[in-house]
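Listed below, chain by chain, are the residues.
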Amino acid sequence: VFCSGADLSEASSQGMSEGARALVALQRLIATLDKPVVTKNLGAVRAGGIGIVAAADIAISAEEATFALTEVKLGLAPAVISLTVHHRMNPRAAALTTLSGEVFTGIEAAAYGLVTKAVPAASLEAEVGRDRGDGSGVVGLVATDGHESVGATGEDVGDDVLELAGLVAAEG
């Protein structure tokens, strides 16, 4: 699992406003960070996780990864992530995935414009490394064994990376 989105049990006890604000802050930070952010998508990417992928500068997915905007199946609109998702995806694909909640693959995510490219899972690590180039100041937002982590390469990437790491830990 790359990211399965919000903890919906929060909604029944305290509402979704705190979680929604945190996800908006995370997406905003990823989109405005002065270092490129690369996501490596392996496994299931759902709901708010799709917003994280869409906010990144480069998103490399395993062909076998699956994506879904599952909020719609619960009667919810994916409003919090729509600003990053709809900016990346072509309009027909955005409408299809937002309104249906259907599961789609990494290959389809690339065709829809959500991810930069999809590669076989066995090639994912090498492809992410190739796209990061020499790694100078690149922030990688990656998933390994279902846990998000933030890694920085190159020279000091600053306080924004620490803030990003804190937000990812809070969301994970």
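Right above here is the structure, for reference.
Let us look at the structure shown here. (Residues numbered from 1 in each chain as written. Predicted model: local features only at pLDDT ≥ 70, side-chain atom pairs only at ≥ 80, totals over all residues. Heavy atoms only, no water.)

Here's the deal with the overall build of the protein
Spelled out, the test is: Helix and strand labels come from DSSP, where a helix needs a run of H or I of at least four residues and a strand needs a run of E of at least two; each type is numbered from the N terminus. Relative accessibility thresholds used throughout: buried, under 20% of the residue-type maximum; exposed, over 50%; partly exposed, between the two (1.4 Å probe, protein chains only). By the convention used here, residues are in contact when the closest approach between their heavy atoms is within 4.5 Å. For the accessible areas, the method is Shrake-Rupley and the probe is 1.4 Å, while residue cover comes only from the protein chains on display.
Looking only at helices and strands, the protein features eight helices and eight strands. Sorting the 172 residues of the protein into buried and exposed places 42% on the buried side. Residue pairs at least 24 apart in sequence account for 63% of intrachain contacts in the protein once pairs closer than 6 positions are excluded. With an accessible surface of roughly 8,400 Å², the protein has 56% of that area assigned to carbon and sulfur atoms.

Brief notes about the pattern of salt bridges
Definition in use: For this document, the term salt bridge refers to a Lys or Arg side-chain nitrogen within 4 Å of an Asp or Glu carboxyl oxygen.
The full count for this structure, using the stated rule, is two salt bridges. Note that Glu 125 is salt-bridged to Lys 40, the shortest N-O span being 2.6 Å. With Glu 125 in helix 7 (residues 124-131) and Lys 40 in strand 1 (residues 37-41), the pair connects residues that are 85 residues apart, well separated along the chain. Here Lys 40 falls in the buried class, since its relative accessible area comes to 9%.

Observations concerning the packing of helix 2 (residues 17-32) against helix 3 (residues 48-55)
To keep it simple, the criterion reads: For every element, the axis is a line fit to its C-alpha atoms; helices are fit only across the contacting stretch, and the angle between N-to-C directions ranges from 0 to 180 degrees. Any angle that is under 35 degrees is reported as roughly parallel, and any over 145 degrees as roughly antiparallel; angles of 65 to 115 degrees are reported as roughly perpendicular and all others as oblique. Left-handed is the label given to a crossing in which the near helix is rotated counterclockwise from the far helix by less than a right angle, and right-handed is the label when the rotation is clockwise. Residues are grouped as follows: Ala, Val, Leu, Ile, Met, Phe, Trp, Tyr, Cys and Pro are nonpolar; Asp, Glu, Lys and Arg are charged; all remaining types, including Gly, are polar.
Two elements in contact, helix 2 and helix 3, have axes separated by 8 Å at closest approach and are oriented at 15°. As the angle between them shows, helix 2 and helix 3 are arranged roughly parallel. Relative to helix 3, the crossing made by helix 2 is right-handed. Across from Leu 23, Leu 26, Gln 27, Ile 30 and Ala 31 in helix 2, the residues of helix 3 making contact are Gly 48, Gly 51, Ile 52 and Ala 55. Across the contact of helix 2 with helix 3, the residue classes break down as six nonpolar, three polar and no charged.

With respect to the side chain of Asn 41
Mapping Asn 41 onto the fold places it in strand 1. Accessibility expressed as a relative area gives 0% for Asn 41, which makes it buried.

Quick notes on the sheet that holds strand 4 (residues 66-68)
Test applied: For two strands to be treated as a pair, DSSP must find no fewer than two bridges joining them.
A sheet is described by the order of its strands in space; here three strands give the open sequence 2-4-5, paired in mixed fashion. Of all strands in the sheet, those bounded by a partner on one side alone are strand 2 (44-46) and strand 5 (104-105). Note that strand 2 and strand 4 share three bridges and pair parallel. Of the residues in strand 4, the one forming a bridge with Arg 46 is Ala 68. Strands strand 2, strand 4 and strand 5 of the sheet are contacted by helix 3, whose axis makes an angle of about 95° with strand 2.

Regarding the packing of aromatic side chains
The geometry of an aromatic ring pair is captured by the separation of the ring centres together with the interplanar angle, meaning the angle of the planes. Under the convention used in this document: Aromatic rings from Phe, Tyr and Trp, with only the six-membered ring used for Trp, were paired whenever their centres fell within 6.5 Å, and each pair was classed as stacked if the ring planes differed by under 30 degrees, edge-to-face if by over 60, and tilted otherwise.
All chains considered together, the criterion is met by two aromatic pairs. Relative to Phe 104, the ring of Phe 67 lies with its centre 5.6 Å away and its plane at 15°, an arrangement referred to as stacked. Of this pair, Phe 67 sits in strand 4 while Phe 104 sits in strand 5, and the two are 37 residues apart along the sequence. Residue classification places Phe 67 among the buried positions, given a relative accessible area of 0%. Taking relative accessible area as the criterion, Phe 104 reaches 1% and is therefore assigned buried. Their ring planes at 55° and their centres at 5.3 Å tell us that Phe 104 and Tyr 112 sit as a pair that is tilted. Residues Phe 104 and Tyr 112 agree in their burial class; the two are buried. Put simply, the rings of Phe 67, Phe 104 and Tyr 112 touch in pairs and so form one group of aromatic residues.

Describing unusual backbone geometry
Residue Ala 47 is not a glycine yet carries a positive backbone phi of 45°. With respect to the helices and strands, Ala 47 occurs in the loop between strand 2 and helix 3.

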